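Summary of structural features
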Amino acid sequence: MKRSVFTLSILSALFSLGFTNQIEGKKDPVAAKANLKVMTYNIHHCNPPSEKVKIDVEAIARVINQEKPDLVALQEVDNYTERSGKELNQARELARLTGMKSFFMKALDHQGGEYGVAVLSRLPIVDSVGYLLPRNPELGGEDRAVAAVTVQLPNKKKVIFASTHLDLKEGNRVTESEQIVKHFKDAKLPMILAGDFNALPGSATINYFDQYFTRTCQQNCEPTIPVDKPNRTIDFIMYNPAGGFKAQSTRVISEKYASDHLPVVAELEVK
């Protein structure tokens, strides 16, 4: 009788251990990861360039789901605009289709709705903030914005993740860059900034950011636009402080249908 009880106890312990491991294997994949996978994607208001006026949110979601990033910076996002169907909140719909959380920041009013930038996160969002960026009225251009969230990692550390889309004019870009640095210079947390900077490496804009951030790609970065025969690198992922992260890889995804930009994906080790 004692031997049977002992045997059953051993079997029960082994079964419990195996079962626990199976359950743990089904936890949120983010919890088991030591790294962060980050994407930046100018989604062209979910309008595939080859489709004229068609809105295809599912196409953008497929690109994101294939990569399974933890954090996504989105640019050119429509909410409730006429061209996007009036009732479509693109940030919220992309969050639903990818199983992530979203935060949107309006840059300007457009066609009865809003147009701006957004963030998607697979991690818990504990705080969020959005800023409008200044521009020189004499230079013209569009109003721009930055959307930032504070997320909590599985190890309880917190990281700021921000998405932005800078103006087409260099004078405005420099002013916008200075404002972004000003907004976050006193932050006590490590930060990842990603987006469409509309600026090439070596430009005044990127040189300015290089004083405060470390780009995940430093040399021979793959071009991100246009999707057909890309020849310019203007979409970046960068972080601060330099010792807070380690960039393990940066890739440009060759996806030619969903948008007029190619998405960029970086693997970051959080120190």
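Our subject is the structure that appears above.
An account of the accompanying structure is given in this report. (Residues numbered from 1 in each chain as written. Predicted model: local features only at pLDDT ≥ 70, side-chain atom pairs only at ≥ 80, totals over all residues. Heavy atoms only, no water.)

1. Let's talk about the sheet that holds strand E11 (residues 245-252)
The strand order across the open sheet built from six strands is E3-E4-E2-E1-E12-E11, with neighbouring strands paired in mixed fashion. Each edge of the sheet is formed by a strand with only one pairing partner; in this case those strands are strand E3 (101-110) and E11. Looking at each pair of strands side by side, their axes are set apart by 20 degrees on average, direction ignored. For strand E1 (residues 35-42) and strand E12 (residues 264-270), the ladder comprises six bridges, and the chain directions are antiparallel. Residue pairing in the sheet places Met 39 in a bridge with Val 265 of E12. Contacting E1, strand E2 (71-79), strand E4 (113-121), E11 and E12, helix H2 (residues 57-67) crosses the sheet at an angle of about 160 degrees to E1. (Pairing = 2+ DSSP bridges. Helix = DSSP H or I, 4+ residues; strand = E, 2+ residues; numbered from the N terminus. Axes fitted to C-alpha atoms, helices over the stretch in contact; angles between N-to-C directions. Contact = heavy atoms within 4.5 Å.)

2. Thoughts on empty space enclosed by the protein
If you walk through the whole model with that rule in mind, you get one cavity of 30 Å³ or more. When its volume is computed, the largest cavity comes out at roughly 60 Å³. When contributions to the lining of the largest cavity are tallied by element, the ones reaching two or more residues are E4 and strand E6 (144-152). Residue classes in the lining of the largest cavity are distributed as four nonpolar, two polar and four charged. (1 Å grid on protein atoms, 1.4 Å probe; cavity = no way out; pocket = protein on both sides within 12 Å on 5 of 7 lines; lining within 4 Å. Points joined across faces, edges and corners; volume = space filled by probe spheres on them. Nonpolar A, V, L, I, M, F, W, Y, C, P; charged D, E, K, R; others polar.)

3. Quick word on the nonpolar core
Core analysis: the biggest nonpolar cluster contains 29 residues, and Leu 36, Val 38, Phe 161 and Ile 192 have the highest contact counts within it. Setting aside residues no more than four positions away along its own chain, Ile 192 makes contact with Leu 36, Val 38, Val 159, Ile 160, Phe 161, Ala 162, Ile 237, Met 238, Tyr 239, Phe 245 and Leu 268. In this structure, Ile 60, Ile 64, Met 100 and Ala 258 belong to the second largest nonpolar core, which totals 24 residues. (Core = buried A, V, L, I, M, F, W, Y, C linked by side-chain atoms within 4.5 Å. Buried < 20%, exposed > 50% of the residue type's maximum accessible area, 1.4 Å probe, protein only.)

These values are about where atoms sit, not about what they do.
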